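# Structure assessment
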Amino acid sequence: ALKTLVDQPRADIWIIDVRPAEAYRQGHIPTSKNFPSGQIMDRLAEIPKSQYLLLVCETGGRAQMVAKKLEKAGYTRFMNGGAVSRYLEAFSKKNQ
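Residues numbered from 1 in each chain as written. Predicted model: local features only at pLDDT ≥ 70, side-chain atom pairs only at ≥ 80, totals over all residues. Heavy atoms only, no water.

## Section: the pairing of strand β4 (residues 78-83)
- Here strand β3 (residues 52-57) runs beside β4; their pairing, made up of 5 bridges, is parallel. When the sheet's bridge partners are listed, C57 is paired in β4 with A83.
- Note that the unit made of β3, helix α3 (residues 61-72) and β4 has a crossover that is right-handed. (Pairing = 2+ DSSP bridges. Helix = DSSP H or I, 4+ residues; strand = E, 2+ residues; numbered from the N terminus. Right-handed = clockwise from strand over helix to strand, strands pointing away.)

Shown next as structure tokens:
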């Protein structure tokens with residue numbers, strides 16, 4: 001499903017990588033947007049509440065923390081996508 005979302009992006013679904021900017025630069029899911037967990041609450045104006053958000057990070061823990069904060073801020077269309085590394089591994093195998 002994520003591969004399809006990357007290959008055929010949908011305007012109503014954003015993949016949000018909540019890792020620090022440096023980790024994002026070192027490797028990320030194609031089409032994802034970087035909103036580091038330490039900055040995301042200050043950047044909510046950039047994220048419409050109508051968007052569906054797939055949150056990813058290194059292990060899934062940071063994404064879960066961000067999900068709780070988004071829920072308190074009134075967001076309802078999000079899910080924890082877990083570890084970005086498993087997606088990167090899957091994409092690299094398919095591109096070999």
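Still to come is the rest of the account.
## A closer look at the layout of surface pockets
- Quantified by volume, the largest pocket comes out at close to 180 Å³.
- Considering the residues around the largest pocket, the lining is formed by A1, L2, T4, L5, Q8, R10, I13, L54 and Y87.
- Per-element accounting of the lining of the largest pocket gives the leading share, 3 residues, to helix α1 (residues 2-7).
- Taken together, the residues of the lining of the largest pocket sort by class into 6 nonpolar, 2 polar and 1 charged. (1 Å grid on protein atoms, 1.4 Å probe; cavity = no way out; pocket = protein on both sides within 12 Å on 5 of 7 lines; lining within 4 Å. Points joined across faces, edges and corners; volume = space filled by probe spheres on them. Nonpolar A, V, L, I, M, F, W, Y, C, P; charged D, E, K, R; others polar.)

## Notes on the nonpolar core
- Ranked by size, the top nonpolar core spans 15 residues in total, and within it I16, V18, I40, I47, L53, L55 and L70 carry the most contacts.
- Where this core is concerned, the elements lending two or more residues are β1 (13-17), β3 and α3.
- Among the elements that take part in this core, α3 stands out by supplying 4 residues, more than any other.
- When sequence neighbours within four positions are dropped, the list of residues in contact with L70 reads L44, L53, L55, Y75 and F78.
- Membership of the second largest hydrophobic core comes to 10 residues, among which are L5, I15, V84 and F91. (Core = buried A, V, L, I, M, F, W, Y, C linked by side-chain atoms within 4.5 Å. Buried < 20%, exposed > 50% of the residue type's maximum accessible area, 1.4 Å probe, protein only. Contact = heavy atoms within 4.5 Å.)

## Here we look at the side chain of S37
- Mapping S37 onto the fold places it in the loop between β2 (33-34) and β3.
- Given the relative accessible area of 16%, S37 is considered buried.
- When residues no more than four places from it in sequence are discounted, the contact partners of S37 are V18, R62, M65 and V66.

Nothing here speaks to function; it is all geometry.
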